[in-house]
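Residues per chain, in single letters:
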Amino acid sequence: MPKKLTIVVHSEDLDKIYSALIIGSGALSYGLNVTLFFTFWGLRRLIKGNLSKAPLSKYNFLGIGSWAMKRKMRKSKVISLNELIHDFKELGGKIVACSMTMKVLGITKEALDQSLIDDYGSVGTYINESKDANITLFI
Amino acid sequence: MPKKLTIVVHSEDLDKIYSALIIGSGALSYGLNVTLFFTFWGLRRLIKGNLSKAPLSKYNFLGIGSWAMKRKMRKSKVISLNELIHDFKELGGKIVACSMTMKVLGITKEALDQSLIDDYGSVGTYINESKDANITLFI
Amino acid sequence: MPKKLTIVVHSEDLDKIYSALIIGSGALSYGLNVTLFFTFWGLRRLIKGNLSKAPLSKYNFLGIGSWAMKRKMRKSKVISLNELIHDFKELGGKIVACSMTMKVLGITKEALDQSLIDDYGSVGTYINESKDANITLFI
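Predicted model, so just to flag it, every value in this text is computed and none were measured.

What counts, and at which threshold
Residues numbered from 1 in each chain as written. Chains lettered and ligands numbered in written order. Predicted model: local features only at pLDDT ≥ 70, side-chain atom pairs only at ≥ 80, totals over all residues. Pairing = 2+ DSSP bridges. Helix = DSSP H or I, 4+ residues; strand = E, 2+ residues; numbered from the N terminus. Axes fitted to C-alpha atoms, helices over the stretch in contact; angles between N-to-C directions. Contact = placed C-beta atoms within 7 Å. Buried ≥ 20, exposed ≤ 12 C-beta atoms within 10 Å, placed from the backbone. Arc of directions from axis to C-beta. Right-handed = clockwise from strand over helix to strand, strands pointing away. Parallel < 35°, antiparallel > 145°, perpendicular 65-115°, else oblique. Left-handed = near helix turned anticlockwise from the far one by under 90°. Nonpolar A, V, L, I, M, F, W, Y, C, P; charged D, E, K, R; others polar. pLDDT = per-residue confidence, 0-100.

### Some remarks on the sheet that holds strand E5 (residues 135-138) of chain A
Note on sheets: strands pair through backbone hydrogen bonds, and any given pair is parallel or antiparallel.
All names here are of chain A.
Okay, step 1: Spatially, five strands are ordered E4-E3-E2-E1-E5 in an open sheet, and the strand pairing comes out parallel. Whereas interior strands pair on both sides, the edge strands pair on one side only; in this sheet they are strand E4 (119-121) and E5. On average, adjacent strands in this sheet sit at an angle of 20° to one another, irrespective of strand direction.
Okay, step 2: Bridge analysis of strand E3 (residues 94-98) against E4 gives three bridges, and the strand direction is parallel. In the strand pairing of E4, Cys98 is matched with Gly121.
Okay, step 3: Most of the contacts of helix H6 (residues 123-130) go to strand E1 (residues 4-9), to which it runs at about 150°, and overall it touches E1, strand E2 (33-38), E3, E4 and E5.

Listed below in structure tokens is the structure:
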């Protein structure tokens, strides 16, 4: 049975979504099964158009700024979040949207970029997928 | 032997404590053993009265605000942190307070809501409980 | 075979680096193998002289401040980050610097405190070390 990695993507910070997707795609290319659970602020990144928008990152306050960061990443030929999430999907990664978050924050299915989402689930879905996982992270 | 979940609750952000308790209670209802280790800023949430107070969340700076968030959660019939932590305890969840944090931040046992705490422990307690856990998270 | 703990150190917040090192050293003293992967903002803490500098912590905005925190920690005889990371190394802990972060943020090997670093690696290194780990955290 292949090894498994699950990540709860709670944050919406640009840098943390990057880490989640890079770790996820890395694990896929090593043969692991990978599921990302987008919840709370993280789920807002799956709203149509939000992956390419400036993030509400604390680094905006600290003088680095998302614009400067994106420019730096572009200069080093780091791919964008949009490309990264599509690569993740193509490699076979699974994305679950937290249905409780949708209710609490008033996010409809129509608002979300459904091309990215494989499933809608609750904490039960997460526990079921994670209890046999080899790597479990909360980002 | 039942499966096990442990979480280090390092953050005091309202939304992160929510996630910790929801994941914890979800795991309990699926038959897992669950222990939450409250440390650093997270431990301050166990000071008497602090669970219902406005959180020192970064989202206060970002125009969402804890008041608006609480109102939204109330409207969607999401239960409060106070209810959530009591449900977690009733389901059999275990809460450990970090004794080193108590020393460093000058928090006495008397200051903490002892009805919530099952045990006082150090990093050794955490490692012992986590080395055989199936899901380990840092929140 | 000894049990294993891996931590992705993504944050550069003083309090989170503390937690990573305390959990890491604790695990080492219980006989586990421990590897910390310093990435993104976390990696900047391994730049020469940066471990003792004031952290870009959100707590600076919240009236606690790194100065007050350091003072409190000194008063409670909590050891400094510098001492902590050297203890971690002496106990046999392993530190991997993320080579992709170095490229993206333009950090050279010469800029990093090489006495702290055992290896330079990518996400593949992380997955290889973590897929058989017993405790996996993202900090």
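### What about helix H6 (residues 123-130) of chain C?
Okay, step 1: Of the positions making up H6(C), those classed as buried are Val123(C), Tyr126(C), Ile127(C) and Ser130(C). All buried residues of H6(C) lie within an arc of 95° about the axis, which places them on one face of the element. Opposite its buried face, H6(C) presents the exposed residues Gly124(C) and Asn128(C), each directed more than 90 degrees away.
Okay, step 2: The inward-facing, buried residues of H6(C) abut helix H1 (14-29) and E5 of chain A together with strand E1 (4-9), strand E2 (33-38), strand E4 (119-121) and strand E5 (135-138) of chain C.

### Observations regarding helix H4 (residues 81-90) of chain B
All names here are of chain B.
Okay, step 1: Considered for burial, the residues of H4 that qualify are Leu81, Ile85 and Phe88. Down the axis of H4, the buried set is contained in an arc of 55°. They therefore lie on one face. Opposite its buried face, H4 presents the exposed residues Glu83 and Glu90, each directed more than 90 degrees away.
Okay, step 2: Remark: Gly92 follows H4 within two positions and exhibits a positive phi of approximately 105°.

### So, the pairing of E1(C)
Residues and elements named next belong to chain C.
Okay, step 1: Where burial is concerned, most of E1 is hidden: five out of the six residues are buried.
Okay, step 2: In the sheet, E1 pairs with E2 via six bridges, with the strands oriented parallel. Paired with Val8 across the two strands is Phe37, which belongs to E2.
Okay, step 3: Following the backbone out of E1, through helix H1 (residues 14-29) and into the adjacent parallel E2, one traces a crossover that is right-handed.

### Quick look at the packing of H6(A) against helix H1 (residues 14-29) of chain B
When two helices pack together, their arrangement is given by the angle between the helix axes and the distance between those axes.
Okay, step 1: Relative orientation of the contacting elements H6(A) and H1(B) amounts to 65°, with a least axis distance of 9 Å. Accordingly, the angle class assigned to the pair H6(A) and H1(B) is roughly perpendicular. Judged by the sense of rotation from one axis to the other, the crossing of H6(A) with H1(B) is right-handed. Contacts between H6(A) and H1(B) involve Val123(A), Gly124(A), Tyr126(A) and Ile127(A) from the former and Ile22(B), Ile23(B), Gly26(B) and Ala27(B) from the latter.
Okay, step 2: For the contact of H6(A) with H1(B), a count of residues per class yields six nonpolar, two polar and no charged.

### Regarding the sheet that holds strand E3 (residues 94-98) of chain C
Residue and element names in this part refer to chain C.
Okay, step 1: Read across the open sheet, the five strands follow the order E4-E3-E2-E1-E5; overall the sheet is parallel. The open sheet terminates on both sides in strands that have one partner only, identified here as E4 and E5. Direction aside, the axes of adjacent strands within the sheet are offset by 20° on average.

### Digging into the confidence of the model for chain A
Detailed reading of the predicted model is not advised wherever pLDDT is low.
All names here are of chain A.
Okay, step 1: Of all residues in chain A, 81% have pLDDT values of 70 or greater, and the mean over the chain is 86.
Okay, step 2: When the criterion is pLDDT under 50, residues 54-63 qualifies, and its contacts beyond four places in sequence or with other chains add up to 19 contacts.
Okay, step 3: Overall fold confidence (pTM) sits at 0.88, and the ipTM for the predicted complex is 0.86.

### A word on the environment of Tyr18(B)
Residues and elements named next belong to chain B.
Okay, step 1: Looking at where Tyr18 falls in the secondary structure, it is placed in helix H1.
Okay, step 2: With 23 C-beta atoms packed within 10 Å, Tyr18 lands in the buried category.
Okay, step 3: Counting along the chain gives 20 residues from Tyr18 to Phe38, while the straight-line C-alpha distance between them is 13 Å.

### Observations regarding unusual backbone geometry
Okay, step 1: For Phe40(B), which is not glycine, the phi dihedral falls at a positive 45°.
Okay, step 2: Summarising the element assignment, Phe40(B) is placed in helix H2 (residues 40-44).

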